[in-house]
Amino acid sequence: MSLEQFNEERELEAIKRRYDLIPRSISYTLVRLRESTEFADVVKRLRVDKWKDWHILLAIHNGFLNWHIKLNGADKDAEKANAFTEMLVKRLWEVGETAEDLPVSIEYFSYDSMNNWLNIGIMHYLQQKGAEFGSRGYDLNKTRKIAEQKFKYLALDIEHSPLFE
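Residues numbered from 1 in each chain as written. Predicted model: local features only at pLDDT ≥ 70, side-chain atom pairs only at ≥ 80, totals over all residues. Heavy atoms only, no water.

## Some points on the side chain of Arg144
Here Arg144 is to be found in helix 7 (residues 140-151). Although Arg144 is buried, it forms no salt bridge, and the closest oppositely charged side chain is Asp49 at an N-O distance of 6.1 Å. Among residues more than four places away in sequence, those in contact with Arg144 are Trp51, Asn115, Leu118, Asn119 and Ile122. (Helix = DSSP H or I, 4+ residues; strand = E, 2+ residues; numbered from the N terminus. Buried < 20%, exposed > 50% of the residue type's maximum accessible area, 1.4 Å probe, protein only. Lys, Arg positive; Asp, Glu negative; His and termini not counted. Salt bridge = Lys/Arg side-chain N within 4 Å of Asp/Glu carboxyl O. Contact = heavy atoms within 4.5 Å.)

In structure tokens form, the structure reads like this:
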């Protein structure tokens, strides 16, 4: 696996894009989660694990996508899931979540689920950096470690207004 070279400026720009795009794309879900005492408890645990706001946003976004993929039955077929995900992401970036979208259950964003959603984000991130993953299972702690050691994935952040207290 040959990964691209670390470029801190490019990584910080990507973090800024996440802060710009994700809150607009899932605004209704974020409002509901910010109002939830259960989710506030999840955030406290994630903070102990050194999660930044953008990690939380990314995990929520991935969970939102997964919820809607399953809701629409696209999870039964990889090709259908990919096409549906592409369509949904495009709509979220262009229009954002709407009041007509079925709300994702707050319980869907548990501590364990949030870790799962971030792990999915990390694998996608590493693929963008040149990693190749086959169909076998992977040690997700190792993929996190690679992302952290090679790209400072868990350490980098930019100045921003706090999103989760």
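## A word on helix 3 (residues 37-48)
Spanning twelve residues, helix 3 covers 17 Å between terminal C-alpha atoms, matching the ideal 16 Å at 1.5 Å per step. Residues of helix 3 that are buried include every one of Phe39, Val42, Val43 and Leu46, and no others. Seen from one end, helix 3 has its buried residues packed into an arc of 100 degrees, which puts them on one side. Within helix 3, the exposed residues directed more than 90 degrees away from the buried face are Thr37, Lys44 and Val48. Along its buried surface, helix 3 packs onto helix 2 (27-34), helix 4 (53-71) and helix 6 (111-128). (Expected span 1.5 Å × (residues − 1). Arc of directions from axis to C-beta.)

## Here's the deal with the pattern of salt bridges
For the structure on display, the rule yields nine salt bridges. Between Lys129 and Glu11 there is a salt bridge, with the nearest N and O atoms lying 2.7 Å from each other. Remark: Glu11 occurs in helix 1 (residues 8-25) and Lys129 occurs in the loop between helix 6 and helix 7; sequence separation between them is 118 residues. With relative accessibility at 5%, the residue Glu11 sits in the buried group. Note that Arg91 is salt-bridged to Asp101, the shortest N-O span being 2.9 Å. Highlighted residues: Arg91 in helix 5 (residues 78-94) and Asp101 in the loop between helix 5 and helix 6, separated in sequence by ten residues. Bridged by salt links that share partners, the residues Glu4, Arg10, Glu11 and Lys129 form one connected network.

## Things to note about the packing of helix 3 against helix 6
Relative orientation of the contacting elements helix 3 and helix 6 amounts to 60 degrees, with a least axis distance of 9 Å. Taken as axis vectors, helix 3 and helix 6 run oblique relative to one another. As for how helix 3 packs across helix 6, the hand of that crossing is right-handed. Along its contact with helix 3, which presents Phe39, Val42, Arg45 and Leu46, the element helix 6 presents Tyr111, Met114 and Asn115. For the contact of helix 3 with helix 6, the residue count by class is five nonpolar, one polar and one charged. (Axes fitted to C-alpha atoms, helices over the stretch in contact; angles between N-to-C directions. Parallel < 35°, antiparallel > 145°, perpendicular 65-115°, else oblique. Left-handed = near helix turned anticlockwise from the far one by under 90°. Nonpolar A, V, L, I, M, F, W, Y, C, P; charged D, E, K, R; others polar.)

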